[in-house]
Each structure stands twice: as C-alpha cells, then as structure tokens.
Amino acid sequence: MARTKRTSPAVEFATTRISALASIDTALDLGNGKTLVAYTTRKEMVKGLNDSYNTELSKLDGLLNDLKDEEKKLQTLSAEMLAAVGVKYSKDSSEYEKAGGIRSSERKRSVRKPKTTSSPN
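**Things to note about the pattern of salt bridges**
Item 1. Across all of its chains, the model carries nine salt bridges by this definition.
Item 2. When the shortest N-O distance is used, the salt bridge between Glu44 and Lys43 registers 2.6 Å.
Item 3. Accessibility expressed as a relative area gives 40% for Glu44, which makes it partly exposed.
Item 4. Using a relative accessible area of 13% as the deciding quantity, one classes Lys43 as buried.
Item 5. One continuous salt-bridge network, built from bridges that share partners, spans Asp92, Glu97, Arg103 and Glu106.

**As for a nonpolar patch on the surface**
Item 1. A cluster of nonpolar side chains, contributed by Met45, Val46 and Leu49, occupies part of the molecular surface with about 260 Å² of accessible area.
Item 2. Mapped onto the secondary structure, Leu49 falls in helix α2 (residues 36-89).

**Examining α2**
Item 1. Taking 1.5 Å per residue as the helical rise, α2 with its 54 residues ought to reach 80 Å, and the 79 Å between its terminal C-alpha atoms agrees with that figure.
Item 2. Every buried residue of α2 is listed here: Leu36, Lys43, Asn50, Asn54, Leu57, Asp61 and Gly86.
Item 3. Of the surrounding secondary structure, the elements contacted by the buried residues of α2 are α1 (9-24) and α3 (94-98).
Item 4. Positive phi appears at Ser90, one or two residues downstream of α2, with a value of about 90°.

Rules used throughout
- Residues numbered from 1 in each chain as written.
- Predicted model: local features only at pLDDT ≥ 70, side-chain atom pairs only at ≥ 80, totals over all residues.
- Heavy atoms only, no water.
- Salt bridge = Lys/Arg side-chain N within 4 Å of Asp/Glu carboxyl O.
- Buried < 20%, exposed > 50% of the residue type's maximum accessible area, 1.4 Å probe, protein only.
- Patch = residues over 30% accessible without salt bridge, like charges linked within 9 Å, V, L, I, M, F, W, Y side chains within 5 Å.
- Areas by Shrake-Rupley, 256 points an atom, 1.4 Å probe, with all protein chains shown as cover.
- Helix = DSSP H or I, 4+ residues; strand = E, 2+ residues; numbered from the N terminus.
- Expected span 1.5 Å × (residues − 1).
- Contact = heavy atoms within 4.5 Å.

See the structure below:
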C-alpha cells in the first residue's frame, strides 16, 4: 500500500498571499529583508522540500515492495530447504529435526471426540 503523499497548506497559502502582494507592487520591499522576492524564494524552497519528501516516499514504497518480494522468495527457499532435508534424510530423521522440522514419529494425531446426542430429560 502506497504511503500518502503530503501537500503543504503553508505553500498554498503563501502562493495566494504572493499573488495578493504582487498586486500592490511586483518589487515590494517592506524592510528588514521582507521582500516579495525573498518571500517567493522561501515558498519555492519549502515547495521543493515537500516535493523531495514525496519523491522519497515513492522510492520507499518501491523499496518496500522489493523487500516484500524478496522475503516471499526467502520463505519459499526456507520451506524448500526443509523439504530437501526431508527427502535426503527422511522426515523421521534427527537431521530433519535439526533443520527445524517435526519428526513424523513425534507428530500428535488429532483425536476426534465422538458426537454425543443429548437425550431430553
């Protein structure tokens, strides 16, 4: 399942504010470094970070998919290795047990209880 990408309400708000401020003066300078250019630059920097974050999430999603596929392959190989030990040494051998299997002579048989019919009292 893909991770949810994020949007930036701050960037959306700043975009609207920049449009409004540009209507006053495209070279607006309010002093103390508060210029329309600086504001736009900061908005673009935050937008770029957000875009980079979303890109990294997509890469992580791909990496997670690769990891899950490789885990499935490893689980299959684990089962095949145990089965191969069972074929080579038998499923009742100590080698099979050492490999992680349960020897066939040690398996418990399930005991079914007979159904009882209840008679009315």
